[in-house]
Protein chains: 2
Amino acid sequence: MVKETQNLIKGLPHKTIERLSQYRRALLICLEKGKEYIFSHEIAEIQHITSVQVRRDLMLIGYSGTLRKGYNIKELINLIGNIIDSPGGINVAIIGMGNLGRAVSKYLTHKRQKLTIVAGFDINSKKIGNEILGIPCYAPDEMKQIVEEKKIGIAIITVPATKIPETTKRLINAGIRGVLNFTPTPVVVPDNIFLEEYDMITSLEKVAFFVKQAMIEEEENRM
Amino acid sequence: MVKETQNLIKGLPHKTIERLSQYRRALLICLEKGKEYIFSHEIAEIQHITSVQVRRDLMLIGYSGTLRKGYNIKELINLIGNIIDSPGGINVAIIGMGNLGRAVSKYLTHKRQKLTIVAGFDINSKKIGNEILGIPCYAPDEMKQIVEEKKIGIAIITVPATKIPETTKRLINAGIRGVLNFTPTPVVVPDNIFLEEYDMITSLEKVAFFVKQAMIEEEENRM
DNA sequence: TACCATCTGTTAAAATATTAACAGGGCAAA
DNA sequence: TTTGCCCTGTTAATATTTTAACAGATGGTA
Ligand SMILES: NC(=O)c1ccc[n+]([C@@H]2O[C@H](COP(=O)([O-])OP(=O)(O)OC[C@H]3O[C@@H](n4cnc5c(N)ncnc54)[C@H](O)[C@@H]3O)[C@@H](O)[C@H]2O)c1
Ligand SMILES: NC(=O)c1ccc[n+]([C@@H]2O[C@H](COP(=O)([O-])OP(=O)(O)OC[C@H]3O[C@@H](n4cnc5c(N)ncnc54)[C@H](O)[C@@H]3O)[C@@H](O)[C@H]2O)c1
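All figures in this text were calculated on a predicted structure; none of them were measured in a lab.

**Student:** For this particular structure, what's the right way to read helix α6 (residues 99-108) of chain A?
**Tutor:** Along α6 of chain A, the positions that sit buried rather than exposed are Gly-101, Ala-103, Val-104, Ser-105 and Leu-108 of chain A. Next to the buried residues of α6 of chain A lie β3 (90-95), β4 (115-121), β6 (135-138) and β7 (152-157) of chain A together with α6 (99-108) and α9 (200-222) of chain B. One or two positions beyond α6 of chain A, positive phi appears at His-110 of chain A, with a value near 65 degrees.

**Student:** Explain the protein's contact with DNA strand C to me, please; I cannot follow it from the model alone.
**Tutor:** Residues in contact with DNA strand C amount to 22 residues; listed here are only the nearest, Ser-40, Arg-55, Ser-64, Gly-65 and Leu-67 of chain B. Restricting the count to atoms of DNA strand C within 4 Å of the protein gives a sugar and phosphate share of 55%. Here a phosphate oxygen of DNA strand C and a side-chain polar atom of Ser-64 of chain B are 3.1 Å apart. Of all elements in the fold, only α2 (14-32) and α4 (51-60) of chain A together with α3 (40-47) and α4 (51-60) of chain B reach the threshold of two or more residues within the surface near DNA strand C. Tallied by class, the residues present in the surface near DNA strand C amount to eight nonpolar, seven polar and seven charged.

**Student:** Can you walk me through the pattern of salt bridges in this structure?
**Tutor:** Counted according to the given criterion, the structure contains 28 salt bridges over all chains. When the shortest N-O distance is used, the salt bridge between Arg-177 of chain B and Glu-218 of chain A registers 2.6 Å. On the criterion of chain membership, the pair formed by Arg-177 of chain B in the loop between α8 (164-174) and β8 (178-181) and Glu-218 of chain A in helix α9 (residues 200-222) is interchain, its members lying in two chains. Among the salt bridges present, the one from Glu-42 of chain B reaches Lys-35 of chain B, with a minimum N-O distance of 3.0 Å. Residue Glu-42 of chain B is classed as partly exposed on the basis of its relative accessible area of 22%. With a relative accessible area of 32%, Lys-35 of chain B lands in the partly exposed category. One connected set of salt bridges, linked through shared partners, spans Arg-24, Asp-85 and Arg-112 of chain A together with Glu-205 of chain B.

**Student:** Please explain the protein's contact with DNA strand D as it appears in this structure.
**Tutor:** Surrounding DNA strand D, one finds 22 residues, the nearest of these being Ser-40, Ser-64 and Gly-65 of chain A together with Arg-19 and Arg-68 of chain B. Of everything in DNA strand D that lies within 4 Å of the protein, sugar and phosphate atoms constitute 56%. A distance of 3.1 Å separates a phosphate oxygen of DNA strand D from a polar atom in the side chain of Ser-64 of chain A. Side-chain polar atom of Arg-68 of chain A to a sugar or linking oxygen of DNA strand D: 3.1 Å apart, as the coordinates give it. Within the residue set of the surface near DNA strand D, elements represented by two or more residues are α3 (40-47) and α4 of chain A together with α2 (14-32) and α4 of chain B. A class-by-class count of the residues in the surface near DNA strand D yields eight nonpolar, seven polar and seven charged.

**Student:** Is there a simple way to think about the sheet that holds β3 of chain A in this case?
**Tutor:** Strands pair in a sheet through their backbones, by hydrogen bonds, and they do so in one of two ways: parallel or antiparallel. Reading across from one edge, β5-β6-β4-β3-β7-β8-β9 (chain A) is the order of the seven strands in this open sheet, with mixed pairing throughout. Two strands close off the open sheet at either side, each with one partner strand: β5 (131-132) and β9 (194-197) of chain A.

**Student:** Looking at this structure, how should I read the relation of the copies chain A and chain B?
**Tutor:** Each of the two chain copies can be brought onto the other by rotation about an axis and movement along it. Of the transformation superimposing chain A on chain B, the axial component is 0.0 Å and the angular component is 180 degrees, with the fit at an RMSD of 0.0 Å. Here the symmetry operator amounts to a two-fold rotation axis. Both copies present the same face, since 100% of the interface residues in chain A are matched by interface residues at the equivalent positions in chain B.

**Student:** I would appreciate a short explanation of the packing of aromatic side chains in the present structure.
**Tutor:** The relative placement of two aromatic rings is captured by the distance of their centres and the angle of their planes. Tallying each qualifying case throughout the model produces eleven aromatic pairs over all chains. Geometrically, the ring pair formed by Tyr-63 of chain A and Tyr-71 of chain A is tilted, given 5.9 Å between the ring centres and 40 degrees between the ring planes. A residue is classified by how much of its surface remains accessible, and Tyr-63 of chain A, at 11% relative accessible area, is buried. Owing to a relative accessible area of 10%, Tyr-71 of chain A belongs among the buried residues under this scheme. The interplanar angle of 10 degrees and the centroid separation of 4.6 Å between the aromatic rings of Phe-210 of chain A and Phe-194 of chain B together place this pair among those described as stacked. Highlighted residues: Phe-210 of chain A in helix α9 and Phe-194 of chain B in strand β9 (residues 194-197), drawn from two different chains. Comparing Phe-210 of chain A with Phe-194 of chain B, the two get one shared label, buried. Of the aromatic side chains, those joined through ring pairs into one cluster are Phe-182 and Tyr-198 of chain A together with Phe-182 and Tyr-198 of chain B.

Analysis parameters
Residues numbered from 1 in each chain as written. Chains lettered and ligands numbered in written order. Predicted model: local features only at pLDDT ≥ 70, side-chain atom pairs only at ≥ 80, totals over all residues. Heavy atoms only, no water. Buried < 20%, exposed > 50% of the residue type's maximum accessible area, 1.4 Å probe, protein only. Helix = DSSP H or I, 4+ residues; strand = E, 2+ residues; numbered from the N terminus. Contact = heavy atoms within 4.5 Å. Near = heavy atom within 4 Å. Polar contact = N/O pair within 3.5 Å; in protein donor to acceptor, adjacent residues only side chain to side chain. Nonpolar A, V, L, I, M, F, W, Y, C, P; charged D, E, K, R; others polar. Salt bridge = Lys/Arg side-chain N within 4 Å of Asp/Glu carboxyl O. Pairing = 2+ DSSP bridges. Least-squares fit on C-alpha atoms with pLDDT ≥ 70 in both. Phe/Tyr/Trp six-rings, centres within 6.5 Å; stacked < 30°, edge-to-face > 60°.

Set out below in structure tokens:
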């Protein structure tokens, strides 16, 4: 990729990155259906956002559509791939092959060519040394070695919350580059490791709050 | 709750709501450890944010701490509860008791007093009529009836992506108030239903993007 | 007592993110 | 070929969110 393009990409807003990932998924589905071109307002409708936002995002990545025809789906998919994906792909490990870890493994396997789950880690001796859902499983102590050997760049954390400190320590020591934490306990990593945390209960409580508010407002309007 | 407080709460930013949920969880852990008061900078550190942000959020909900002592943990937990929780609680249903649906069920059960999973829905005839992880399981066609009977307010969607249209239709018809969608396919619901969508692949691709960027920058710095 | 360090609460400023507004181009129908 | 419509691309305006700055209060300390 040319230097200029790389400069464009560098300052991309986090929100735009998230939306690009979502655009791509929507586009892949459209492509499968045999669609060749798509309008910004069509993408917008799928994603519940405005067409302006779509056009703005695409402007930011320097992609131009064809007037009156819209955007070439295949081209756009490739461009988003150039931005998000690493050319050689990135290998991923799941830390904690419990209920969530297994569900995630199953879900992610073969979903994205450029992201491959190549290892799981667990303390359960029945799991260590065996494959779970086709993924070889290792002991946490082997982490540094396996991460290096298999060139693992990203870890998804699904261990019990109490195991976060030791798990974090091992991941840092192993030289991991990015972490996605599904545990409700925030993890602490140095700046050079990219960290994304997601907590289901926060989402659920957010929904609960707005449902409550809607009910209160209805109540008020009735009076 | 007095009208005045309700007005304060009404315009609370989405981001503040999310953080309040997270503060509460952190506070509950502190309380368990026997801590009575906490400083804004302590909360901030746990959540990887700044203490200003914490104080600002607490200002928005009208809570005042004690100078030099910080915030009373028990009081704050209760206040956040008043804001987020509905007095009578809200019942929740899981739509699609597969890998993710079961993992979520297990995770959420007994995590929050005010949010109770009271039903699961699935098309698998082996599941219908039985309990899964203590949760009674019903056929999708029974949704309207069960939602009314059990006063279910929120649905968590974990069905295969292809089943989103029919599932959405049933949920709307059943009079659901809030939806948390874990499927990668965006759902379409009327405005009066609060919708939150979370997509794991987006999170993972976001991590992948920033890991890639960090590697490119390292590369550049070496030159 | 006077001073210092520390923490809260709030206002002001800055940074991000979204939306509005509109110029410009191309196709199609009249 | 002219008019109108419907797209894109971009700049300007607005809204939201975060951060900075600082006044005020309290308690410890010299
Ligand atoms: N289940 C869910 O849907 C869900 C949702 C959101 C968050 N979470 C969080 O994800 C985590 C896992 O949840 P779960 O339901 O899969 O629990 P689980 O008990 O089924 O799985 C945890 C797994 O981690 C393994 N483990 C324990 N210590 C370890 C260590 N030090 N290193 C590596 N592996 C270790 C255990 O052997 C087990 O297999 C929890 O922190 C939970 O809060 C779960
Ligand atoms: N597994 C994960 O970790 C994960 C992560 C993120 C998102 N997702 C998404 O969650 C969804 C479920 O994933 P999964 O791994 O649990 O799949 P799964 O196949 O294990 O579970 C799906 C369940 O839904 C049931 N079902 C099918 N049609 C239904 C209908 N019309 N009404 C009610 N139930 C119905 C099926 O019988 C099955 O039990 C998928 O859309 C997937 O994309 C999964």
